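Per-entry structural report
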Amino acid sequence: MLEVRAATVAFGSKRGASPKLALRAVSLKLPTEPSITAIVGESGSGKTTLTRLMLGLLAPTSGTVWYGGHDLGQLDRVAFLRYRREVQAIFQDPYSVYNPFYKVDRSLLLPLMRFGVARSRDEAYARVRQCLEAVGLRPADTLGRYPHQLSGGQRQRVMIARALSLQPRMIVADEPVSMVDASLRATILESLYRLKTERDVSLVYVTHDLTTAYQIADRIVVMFNGEIVEEGEPDQVIHAPRHPYTRSLVAAVPPADPGIDWGLDAEVTALSR
Ligand SMILES: Nc1ncnc2c1ncn2[C@@H]1O[C@H](COP(=O)(O)OP(=O)(O)OP(=O)(O)O)[C@@H](O)[C@H]1O
Ligand SMILES: [Mg+2]
């Protein structure tokens, strides 16, 4: 469905210096069936840049991005609008996407009207309520409020409800839970996981956290210095990492729960203690 082909992204730099390559000929094909793909990698490795390509927020310097068999750069208006509805984004800081002067209702209703998903205000509200409930929020506690009157976790879930209300086929979430506490993290990841199993929505999940990637993903993609250095099923990536960077990433996971068998060899386990 979504595919990045040999995409390079170079950011301009000051005169004289060579441009910064945020991505170096990255190719990634997401599975067509509903799936969760985790993208992990250290800060600055290119994860956000890759998701911005997938979301059409950035065009590659060279290479292409394909959706539904078409080059994103070549989509006509109707196809592009459809892509915009079908591929939704969830960002790290849910506060940054709200307009503080409007109640959250507006952020939830506008996209439904804009994409023509709901034909009336009542229909839009009904759908919004249903989506809020789907992410574990009570509509009565959420609607009619301003963004600052919600907790960070509530705001993040309102974002997910908003994405969900457009009946997307894919959600691209860049560090969706890094700003919320551990207990809420599990709840939000659970909501995202259920979107795949119950609504056939695919998820691209960008994270620093190898543990949650392992728990919810069908595939893990490891990035390092603008390149994909490893890609595979979680068991394969975690238990038999091939790239040295992946090995160091696995070794850096704190052994929080002694009950979890990470399958690491004794040497690596000893290193991480
Ligand atoms: N708009 C920009 N202009 C110049 N350089 C940029 C820009 N955006 C990103 N970069 C650079 O590109 C590289 C990749 O950045 P990116 O944001 O994709 O990393 P990341 O993996 O998402 O990191 P983090 O985990 O910290 O979010 C970094 O070196 C960054 O400094
Ligand atoms: Mg980032």
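Described below are features of the structure shown in this document. In this text the structure is predicted, and so the values were computed from the model without any measurement.

What follows deals with the packing of aromatic side chains. This structure, assessed with the given rule, holds 3 aromatic pairs. Arranged with centres 5.7 Å apart and planes meeting at 45 degrees, the rings of Phe 80 and Tyr 83 form a pair that is tilted. Taken together, the positions of Phe 80 and Tyr 83, both in helix H2 (residues 77-86) and 3 residues apart, correspond to about one turn of that helix. A relative accessible area of 29% means that Phe 80 is categorised as partly exposed. Under the relative-accessibility criterion, Tyr 83 is labelled buried at 1%. By the ring-pair criterion, three or more aromatic residues cluster together here, those being Tyr 67, Phe 80 and Tyr 83. Taking the ring centre of Trp 66 as reference, the NZ or CZ of Arg 5 above it sits at 4.1 Å. One cation-aromatic arrangement involves Arg 106 over Tyr 102; the distance from NZ or CZ to the ring centre is 3.6 Å.

What follows deals with the nonpolar core. Core analysis: the biggest nonpolar cluster contains 53 residues, and Ile 90, Leu 132, Leu 192, Leu 203, Tyr 205 and Ile 220 have the highest contact counts within it. Those residues in contact with Leu 132 that sit more than four places away from it in its chain are Leu 108, Leu 137, Pro 139, Thr 142, Leu 143, Val 158 and Ala 161. Membership of the second largest hydrophobic core comes to 29 residues, among which are Ala 7, Val 9, Val 26 and Leu 55.

Here we take up the sheet that holds strand S5 (residues 70-71). With antiparallel pairing, 4 strands are arranged side by side in an open sheet as S2-S1-S4-S5. Both outer strands of the open sheet, strand S2 (20-29) and S5, are each paired with one neighbouring strand and no more. The pairing of strand S4 (residues 62-67) with S5 spans 2 bridges and is classified as antiparallel. Residue pairing for S5: Trp 66 is matched across the bridge by Asp 71. Most of the contacts of helix H1 (residues 47-54) go to strand S1 (residues 2-11), to which it runs at about 125 degrees, and overall it touches S1, S2 and S4.

Hydrogen bonding along the main chain pairs the strands of a sheet, whether they run parallel or antiparallel. Read from one edge of the open sheet, 6 strands run S6-S7-S8-S3-S9-S10, paired in mixed fashion. In this open sheet, the two edge strands, each paired with only one partner strand, are strand S6 (87-90) and strand S10 (227-232). Direction aside, the axes of adjacent strands within the sheet are offset by 20 degrees on average. As paired strands, strand S9 (residues 219-224) and S10 are joined by 5 bridges and run antiparallel to one another. What sits directly across from Phe 224, in S10, is Glu 227. Lying on the sheet, H1 is in contact with strand S3 (36-41), S6, strand S7 (170-174), strand S8 (202-207) and S9; it crosses S3 at an angle near 145 degrees.

In this section: the pattern of salt bridges. Applying the stated criterion across every chain yields a total of 9 salt bridges. For Arg 138, the salt bridge is made with Asp 141, and the minimal N-O distance between the two is 2.9 Å. The exposed category is assigned to Arg 138, whose relative accessible area is 59%. A salt bridge links Glu 198 to Arg 194; the nearest nitrogen and oxygen atoms lie 3.3 Å apart. Of the two residues, Glu 198 and Arg 194 both sit in helix H7 (residues 182-199), 4 residues apart, roughly one turn of that helix. For Glu 198, a relative accessible area of 56% puts it in the exposed group. On the basis of relative accessible area, Arg 194 is assigned to the partly exposed category, the value being 29%. Beyond isolated ion pairs, a larger network of salt bridges with shared partners links Arg 82, Arg 85 and Glu 86.

Cut-offs used in this document
Residues numbered from 1 in each chain as written. Chains lettered and ligands numbered in written order. Predicted model: local features only at pLDDT ≥ 70, side-chain atom pairs only at ≥ 80, totals over all residues. Heavy atoms only, no water. Phe/Tyr/Trp six-rings, centres within 6.5 Å; stacked < 30°, edge-to-face > 60°. Helix = DSSP H or I, 4+ residues; strand = E, 2+ residues; numbered from the N terminus. Buried < 20%, exposed > 50% of the residue type's maximum accessible area, 1.4 Å probe, protein only. Lys NZ or Arg CZ within 6 Å of the ring centre and 35° of its normal. Core = buried A, V, L, I, M, F, W, Y, C linked by side-chain atoms within 4.5 Å. Contact = heavy atoms within 4.5 Å. Pairing = 2+ DSSP bridges. Axes fitted to C-alpha atoms, helices over the stretch in contact; angles between N-to-C directions. Salt bridge = Lys/Arg side-chain N within 4 Å of Asp/Glu carboxyl O.

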